[in-house]
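A look at the structure
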Amino acid sequence: MRFALSEDQTLLQDSLTKALADLSSLDRVRRFADGGEATAPDIWAGLSELGLPGLLVPEEHGGLGLGLLEAALAAEALGRVVAPTPFLGSAVLAPLALRLGGSDEQKRAWLPKLADGGATAGAAISEPIAGARDGAGVTAEGGKLTGKALFALDAMAADLLVVADRSGVLHLAAKADASEILPSIDATRRLTELTFRGAPAEALSSNQALDRLRDAAWVMIAADTLGACQTMLDRAVEYAKERKQFGRTIGSFQAVKHLCAEMAAELEPARALVWYAAYAFDNAPEEASLMAAHAKAHTSEIGRFIARTATEVHGGIGMTDLLGLHYWFKRIGQNRQLLGGPERVRELAARMQGLAA
Amino acid sequence: MDLTLTPELAAFRDEVRAFLEAHKDHHKDGAPNDPKAWQRTLIEAGYAARTIPKEYGGYGAEPDILKGRIIAEEFIAAGAPRGMAGQGISMLVPTLLEVGSEDQKRQWIGPTLRGEVIWCQGYSEPGAGSDLANLQTKAVEDGEDFLISGQKIWTSTAAQADMIFCLVRTEPDAAKHEGISYILFPMNTPGIDVRPLKTMTGHAEFNEVFFTDVRVPQKNVVGGRGRGWFVANTTLKHERGMLGDPNATEARLKALIELMKSETVDGHRIIDNPIFRDRLMQLQARVFSMKFNGLRTLTDDTAGLARLVVKLQGCELNHQVAALAIDALGELGILYHDGPHLRAKGGWQRNYMFDLGLIIGGGTAQIQKNIISERGLGMPREPKTVGA
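As the structure is a computational prediction, the values presented were derived from the model and not from experiment. (Residues numbered from 1 in each chain as written. Chains lettered and ligands numbered in written order. Predicted model: local features only at pLDDT ≥ 70, side-chain atom pairs only at ≥ 80, totals over all residues. Heavy atoms only, no water.)

Further remarks concern the overall build of chain B. Of regular secondary structure, chain B possesses 12 helices and 12 strands. For 388 residues, the compact-globule estimate of 2.2 N^0.38 gives 21 Å, and the C-alpha radius of gyration of chain B, at 23 Å, lies within 12% of that figure. Projecting the C-alpha coordinates of chain B onto the three principal axes gives extents of approximately 75 × 50 × 50 Å. Evaluated residue by residue, chain B yields a buried proportion of 50% over its 388 residues. Sequence separation of 24 or more characterises 67% of the internal contacts of chain B that already satisfy a separation of 6 or more. Counting every atom, chain B has about 18,500 Å² of accessible surface; 53% of that belongs to carbon and sulfur. Charge centroids of chain B, computed over 44 positive and 49 negative side chains, lie 2 Å from each other. (Helix = DSSP H or I, 4+ residues; strand = E, 2+ residues; numbered from the N terminus. Rg over C-alpha atoms; globule rule 2.2 N^0.38 Å. Buried < 20%, exposed > 50% of the residue type's maximum accessible area, 1.4 Å probe, protein only. Contact = heavy atoms within 4.5 Å. Areas by Shrake-Rupley, 256 points an atom, 1.4 Å probe, with all protein chains shown as cover. Lys, Arg positive; Asp, Glu negative; His and termini not counted. Charge placed at Lys NZ, Arg CZ, Asp CG, Glu CD.)

See below:
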C-alpha cells in the first residue's frame, strides 16, 4: 500500500511542468486572453509532442493508455500556468466518451486523431449536470440534434463534439449549426453556446456514460484549481519574502505569514483528496462519484479562499493587470461554477450516499 | 498510488481480526474488563507497545507504519479498546528510547507500558506557555540532589500520576534554551502540592502543581544536564503526532451522520434539512481530505508540508464536527450535565469545549501557523524582541 505518486507519475508531472513554463508563459497567456484568440494551436502542438492529448487513449488506438490520476496531474500542471488548451474536452471527455460508448468504428475514426493532437474535441454536457438555464437543452430525434447547449467546453474550432441531450444520452456530432463565444471572467479558456437545428449526430451506447464523464470532469476541474491555487500561494509567499514595509520584509509579519500558512494548510490536504478521487475513478468504482463530487466542491471552497487571500497578500498591486495574478483568480472562480457550483455538487454527494431524497 | 494490501498485509489483517474475534468478551462498551490484563494481552499479541524492544517490555516488532494502521482500523471497526495511551506511554517512553540511559530504560519502560506506573508531564508554567523555554521552575544543587521549587500548569493526570517527567532550570546563568534539564521524580515526594484546575467543561481535566524544595537525585536527569530543551522537543514531536488523528475524526463524523439521521424536529429528520445537509457535506469533504492526507504522510516522502498541517487542521475539524452536532440538536444541544432529553451524555457539548483546548494545547494554532510558514514555506521568523 502506497499513497504517493510513482516515479513515472512524478516524471510526467515534472516534464509537463517544464514544457509548460515555455509553452504557456504569462506573456503567451496574455496574448491569448487579451488578443481574443479562439484557440492556441501552438501550445497544443507542443503538448502533443509529449503525448498529452493521448493520455487516456488506449495504446491500440495510438495513445498512452494511462489513468485518470495521470490526467489529474496533467490538469494540475495546466492549472498552474492557466494554460489555454482543449485538454478537458479533447484529451479527457471525448476519449472517455468514446471508450465508454463508442462503436469500434467510432473509436477507430476518432481516437488516433485525438491522440496525436491532429483533431480536437469539445464537450457540451452542462445542462444535464449543472442544470438548464435560459431554456437551454438539446433534444435528439432520428439522428438529429435540436436546441441550445450553453457553456460548451473546448468547442471552438473542434473537429468533434460530445453532446449530452436532455435525457443524459451522449451523442457525437461533427459540428453545431451555430456557435458563439460566451465571454466569461476567465479569458484563458473559451466557453461557447452551441445551437443545433437538426445537426446530424450519432448516439453513443452506454447510458451510464454521462455520470462517468461528469465524475472525470469534476476531478479534472478540481485538479486545475489545485494547480492554480499552488501558483497563487507560491507567488504570494515569494512576494511576501521580497516586499519591504516598515523596514522589514512583510513575510516576517505574522499577520501576513499566517495567511500563507492558512492557504498551505487548506491546499495540502485537498491535494490528497484530488489524488484519491482520481485514483478511485479507475480503481474504486463504488467510491468514485462521491470522491469526485467532494473533490470538486471542496477545491471550489478552498480555491475561493486561496484566490482572494493570495491576492490580498500582494496588497494593491495584486489587483492590477500588471502582475497577471487575476488570470489565476478568475480561472479558479470559473472552475467553481463549471458543471455545478459547490452547493449543487454537495447535494448530489448527499444523494449518492442516500442522505438526500 | 496503490492502495491494495499486499498478501502479507492482508494476512496480517486477518490475524488481527481473528484476535479481536477471539477476545471480544474481554471488553464491553469500548472499555476493557480489566485494563491492566488487557494491556498485557495486547503487548503479548503485538497490538500495543508493538515496536518497543522486547528487552524493555515491548513486543519487539520492526516499525511498520502500515501494520500499525491496520491494527488501528481493525480495533476501531471492532469497537475494541486500544492499548493504554497515557503521556507516559506516548511521550516518555519514546523519549527514553531515544535519549535515556540504559538504567532509566530498564527501570521505567516496562512498568510504564504495563500500566503499573502512571506519568504526568511537567512542562507548561504560568509564564511559559507558547514560550516554553521561558520556564522558571528552578532546581538548585544540594549534594547529590536537586531541590526543585516552582509551579507547573495544565498538568493532566497529575492527581492520579505516580511519576512526573518535568522540565526544570538547572543552570540559571546559561542561555534560555541551554539551562533546562529533563528530570523524573515520584509525585509522592514531599513538597508537591496538586490542585485541580477546573475548565469550562465543568471537569478538572488539568491541574496546577506546586513544588517547594522537592528533593530529587541528580541522576534522575534524562539526556544530560542542560540538555532538557532538546530532550523535550523529542517528546513534543510525539505529542503533536497524537493530536489531530484523522481516524478519530472519521469516527466522530460517522456518529454525527447517525445523529442527523435519527434526530427529528417536528417529525422531520435533521438530515432532510438542506442547510444542515450542506454543512455536513462540507465537513465530510474535509474529513476525507484529512484521512487521505494522513495516508499520504505515512507513505509519501514528499509529504513534508502535509505533515506540518495535521495538528492545525485536524483539531479545528474536530471542533467543527462537534459544533455542527450541537447546531443540529438545536435547543437539545444546550442541555448538559445529567438530565432529561440529554443526548450522548452531553458528549457533543463536552467535545466542543474540550476540543477548543486541543486547538490551543500542544502548540497553539498560531504557533502551528508559525511552524507551517517558517519550516514549510521558508518564510522569515518574527524578529526577536530585545531581552526576550
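The next point concerns the domain arrangement of chain A. Residue and element names in this part refer to chain A. We note that the domain assignment places domain 1 (7-115), domain 2 (121-203) and domain 3 (209-352) within chain A. Distance from the C-alpha centre of domain 1 to the C-alpha centre of domain 2: 21 Å. Residue-level contacts link 23 residues of domain 1 with 18 residues of domain 2. The contact between domain 1 and domain 2 buries some 1,500 Å² in all, and 68% of this surface belongs to carbon and sulfur atoms. Taken as a group, Leu 93, Gln 106 and Trp 110 account for 28% of the area that domain 1 buries against domain 2, more than any other trio of residues on that side. Taken together, the links from domain 1 to domain 2 amount to zero salt bridges. (Domains from an automatic or database assignment. Buried area = accessible area lost by both parts, 1.4 Å probe. Salt bridge = Lys/Arg side-chain N within 4 Å of Asp/Glu carboxyl O.)

A word on the interface of chain A and chain B. On the chain B side, the residues contacting the 46 residues of chain A number 45 residues. Where chain A abuts chain B, roughly 4,200 Å² becomes buried across the two surfaces, and 64% of that area is made up of carbon and sulfur atoms. Contact with chain B buries surface across chain A, with Met1(A), Phe3(A) and Leu355(A) losing the most and accounting together for 20% of the total. Where chain A touches chain B, the interface holds seven salt bridges. Seen at the junction of chain A and chain B, the total is 21 residue pairs in polar contact (both at pLDDT 80 or more). Elements with a minimum of two residues in the side of chain A that touches chain B: helix H8 (209-242), strand S9 (248-249), helix H9 (254-283), helix H10 (285-313) and helix H12 (342-352) of chain A. Counting residues per element, the side of chain A that touches chain B draws most heavily on H9(A), which supplies 18 residues. (Polar contact = N/O pair within 3.5 Å; in protein donor to acceptor, adjacent residues only side chain to side chain.)

Looking now at a nonpolar patch on the surface. Side chains of Met200(B), Leu356(B) and Ile360(B) sit close together on the surface and give an oily, nonpolar patch of about 280 Å² of accessible area. Relative to the helices and strands, Ile360(B) resides in helix H11 (residues 347-360). (Patch = residues over 30% accessible without salt bridge, like charges linked within 9 Å, V, L, I, M, F, W, Y side chains within 5 Å.)

Counting residues in each nonpolar core, the largest one holds 199 residues, and the members touching the most others are Phe87(A), Leu170(A), Met220(A), Phe75(B), Leu256(B) and Leu280(B). It is H8(A) that provides the largest number of residues to this core, a total of 20 residues. Within the second largest apolar cluster, 18 residues are counted, among which are Ile164(B), Cys166(B), Val168(B) and Val209(B). (Core = buried A, V, L, I, M, F, W, Y, C linked by side-chain atoms within 4.5 Å.)

Turning our attention to unusual backbone geometry. The residue Ala157(A) is not glycine, and still its phi comes out positive at about 60°. Looking at where Ala157(A) falls in the secondary structure, it is placed in the loop between strand S3 (144-153) and strand S4 (160-164). Here Asp213(B), not a glycine, exhibits a phi torsion of approximately 45°, which is positive.

Take the domain arrangement of chain B next. Domain assignment breaks chain B into domain 1 (7-84), domain 2 (117-226) and domain 3 (243-376). For domain 1 of chain B and domain 2 of chain B, the distance between their C-alpha centres works out to 33 Å.

Here we take up H12(A). Regarding H12(A), the residues found buried are Pro342(A), Val345(A), Arg346(A), Leu348(A), Ala349(A) and Ala350(A). Buried-residue contacts for H12(A) involve H8, H10 and helix H11 (325-337) of chain A together with helix H8 (274-299) of chain B. At the C-terminal side of H12(A), Gly354(A) shows a positive phi close to 75°.

Attention shifts here to the side chain of Asp165(A). Residues and elements named next belong to chain A. The residue Asp 165 is located in the loop between S4 and strand S5 (170-173) in this model. A polar contact of 2.9 Å, which involves the side chain of Asp 165, links it to the side chain of His 171. Not counting residues within four places of it along the chain, the set of residues in contact with Asp 165 comprises Pro 128, Val 138, Ala 140 and His 171.

The next point concerns the pattern of salt bridges. With the rule as written, the count across this model stands at 45 salt bridges over all chains. The shortest N-O distance in the salt bridge between Lys176(B) and Asp131(B) comes to 3.0 Å. Of this pair, Lys176(B) sits in the loop between strand S6 (163-169) and strand S7 (180-186) while Asp131(B) sits in the loop between strand S3 (119-122) and strand S4 (138-142), and the two are 45 residues apart along the sequence. Take Asp131(B): its relative accessible area is 36%, and that puts it in the partly exposed class. Through salt bridges with shared partners, a single ionic network connects Glu76(A), Glu268(A), Arg271(A), Arg296(B) and Asp300(B).

Two faces belong to every sheet, and in a regular strand the side chains alternate between them. Residues and elements named next belong to chain A. Summarising the sheet, strand S2 (residues 137-141) and S3 pair through five bridges and their orientation is antiparallel. Among the inter-strand pairings, Thr 139 is bridged to a residue of S3, identified as Thr 146. Taking the residues that link successive antiparallel strands as the turn, the S2-S3 hairpin has two residues, and the phi of Gly 142 there is positive, at about 55°. (Pairing = 2+ DSSP bridges.)

Right, let's talk about H11(B) for a bit. Every α-helical turn comprises 3.6 residues, leaving residues that sit three or four positions apart pointing alike. Residue and element names in this part refer to chain B. Look at H11: 20 Å from first C-alpha to last across 14 residues, which is about the 20 Å you get at 1.5 Å a residue. The complete set of buried residues in H11 reads Trp 348, Gln 349, Asn 351, Met 353, Asp 355 and Ile 359. In this fold, the buried residues of H11 make contact with helix H7 (246-262), helix H10 (310-329) and helix H12 (365-376). Looking at the residues trailing H11, positive phi occurs at Gly 362, about 65°. (Expected span 1.5 Å × (residues − 1).)

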